[in-house]
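# Coordinates in review
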Amino acid sequence: LAIRMDNGNFGDFFDDVQGLNDLQNGVVRILHPSSFRDDPTRIFRAARYAGKLDFIVSDDTINAIHLAKDGIKNLSAHRTLHELNLIMDEENAEVEVELLREWEILKSIHPMINRRFINRCSPNLVDVNIKYEARLIKWALWLMVLPVEKIKQQCNDYNN
C-alpha cells in the first residue's frame, strides 16, 4: 500500500497486490513466492501477525513457508532467539507457537520441542506486570518436555 506525497499527485493511492483487501478480510499473505527464502525470519513474523491480529494465513503463504522452512536452520541462534522472544512477549503466544508447530518450524529449532504450547495451564500470565517474567514462565512451560541437559545445551547454543 502506498500513498503519493508529492505535490502534483498528493493522495493518489496504490495497491498493486490487493493488500487493502487482505487487511479488510484478515489475511496474512506474502508479497512474492521467494519472500521466506529471502528472509526466513518472515516466517516468525507471519505467525506473530496472525496471532496478534487474529488473522488467517493464506494457503499460498503456508505453501511458501513449507518450501522455505529449511532456511530457519541458516539463521543465527541469536536471530532465532530474538524472533522467539518477540513471540513469547505477545499476549497470544500460544496461538503463534502453535502455528510454528503446525508449519513444522519448531523441528528446525529442536526436534523434541515440536509439541503444543502449554500457555493454557497458566492463564494468569497476562496479569504478570513484568514482561520479562512472563516470557521466562512461557519459556519454562514450553521447554519443560526437554531433559535438563538438553535445555542447558539449547541455552548454551543461543548464548554463544
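Residues numbered from 1 in each chain as written. Predicted model: local features only at pLDDT ≥ 70, side-chain atom pairs only at ≥ 80, totals over all residues. Heavy atoms only, no water.

For the structure on display, the rule yields 0 aromatic pairs. Stacked on the ring of Tyr49, the Lys or Arg Arg48 has its end atom at 5.7 Å from the ring centre. (Phe/Tyr/Trp six-rings, centres within 6.5 Å; stacked < 30°, edge-to-face > 60°. Lys NZ or Arg CZ within 6 Å of the ring centre and 35° of its normal.)

A word on the nonpolar core. Among the nonpolar cores identified, the biggest contains 29 residues, and Phe36, Ile43, Phe44, Leu100, Trp103 and Ile105 are the most heavily contacted of them. Secondary-structure elements contributing two or more residues to this core are helix 3 (41-53), helix 4 (59-68), helix 5 (77-88), helix 6 (93-102), helix 7 (106-109) and helix 8 (131-143). Counting residues per element, this core draws most heavily on helix 3, which supplies 5 residues. In this view, Phe44 contacts Ile72, Leu75, Thr80, Glu83, Leu84, Ile87, Leu100, Ile105 and Ile109; residues no more than four positions away in its chain are not counted. (Core = buried A, V, L, I, M, F, W, Y, C linked by side-chain atoms within 4.5 Å. Buried < 20%, exposed > 50% of the residue type's maximum accessible area, 1.4 Å probe, protein only. Helix = DSSP H or I, 4+ residues; strand = E, 2+ residues; numbered from the N terminus. Contact = heavy atoms within 4.5 Å.)

Here the largest pocket is characterised by a volume of approximately 510 Å³. Val27, Val28, Arg29, Ile30 and Leu31 are the residues nearest the centre of the largest pocket, which is lined by 19 residues in total. Elements represented by at least two residues in the lining of the largest pocket include exactly helix 1 (19-25), strand 3 (27-28), helix 2 (35-38) and helix 3. Looking at which element gives the most residues to the lining of the largest pocket, the answer is helix 3, with 5 residues. For the lining of the largest pocket, the class distribution of residues is 12 nonpolar, 3 polar and 4 charged. (1 Å grid on protein atoms, 1.4 Å probe; cavity = no way out; pocket = protein on both sides within 12 Å on 5 of 7 lines; lining within 4 Å. Points joined across faces, edges and corners; volume = space filled by probe spheres on them. Nonpolar A, V, L, I, M, F, W, Y, C, P; charged D, E, K, R; others polar.)

The next subject is the packing of helix 3 against helix 6. Direction vectors running N to C along helix 3 and helix 6 enclose 135 degrees, while the axes themselves pass 8 Å from each other. Taken together, the axis directions place helix 3 and helix 6 in an arrangement best described as oblique. The two elements helix 3 and helix 6 meet at a crossing, and its hand is right-handed. Two secondary-structure elements touch here, helix 3 through Ile43, Phe44, Ala47, Arg48, Ala50, Gly51 and Lys52 and helix 6 through Val95, Glu96, Leu99 and Leu100. (Axes fitted to C-alpha atoms, helices over the stretch in contact; angles between N-to-C directions. Parallel < 35°, antiparallel > 145°, perpendicular 65-115°, else oblique. Left-handed = near helix turned anticlockwise from the far one by under 90°.)

Using the criterion set out here, one finds 10 salt bridges in the structure. Arg45 is paired through a salt bridge with Asp39; the nearest N and O atoms lie 3.5 Å apart. A relative accessible area of 22% places Asp39 in the partly exposed class. The closest approach of N and O atoms between Glu90 and Lys52, which form a salt bridge, is 3.3 Å. Within this pair, whereas Glu90 is found in the loop between helix 5 and helix 6, its partner Lys52 is found in helix 3, the two being separated by 38 residues in sequence. Overall, the relative accessible area of 14% leaves Glu90 in the buried class. Overlapping salt bridges bring together Asp22, Arg29 and Asp60 as one network. (Salt bridge = Lys/Arg side-chain N within 4 Å of Asp/Glu carboxyl O.)

Of all residues in the chain, 81% attain a pLDDT of 70 or more, and the chain-wide mean is 82. Mean pLDDT across the elements of the chain bottoms out in helix 8 (68) and peaks in strand 4 (residues 56-57) (98). Confidence over residues 118-129 falls short of pLDDT 50; this stretch has 15 contacts with residues more than four positions distant or in other chains. (pLDDT = per-residue confidence, 0-100.)

So, about a nonpolar patch on the surface. Where nonpolar side chains cluster on the molecular surface, the patch consists of Leu1, Ile3, Met5, Phe10, Phe13, Leu20 and Leu23 and spans about 750 Å² of accessible area. The residue Ile3 is located in strand 1 (residues 2-3) in this model. (Patch = residues over 30% accessible without salt bridge, like charges linked within 9 Å, V, L, I, M, F, W, Y side chains within 5 Å. Areas by Shrake-Rupley, 256 points an atom, 1.4 Å probe, with all protein chains shown as cover.)

Let us now look at the side chain of Thr41. In this fold, Thr41 is placed in helix 3. Setting aside its immediate chain neighbours within four residues, Thr41 contacts Leu75, Arg79 and Glu83.

By the element assignment, Ser35 lies in helix 2. Contact partners of Ser35, with chain neighbours within four places excluded, come to Ile30 and Arg42.

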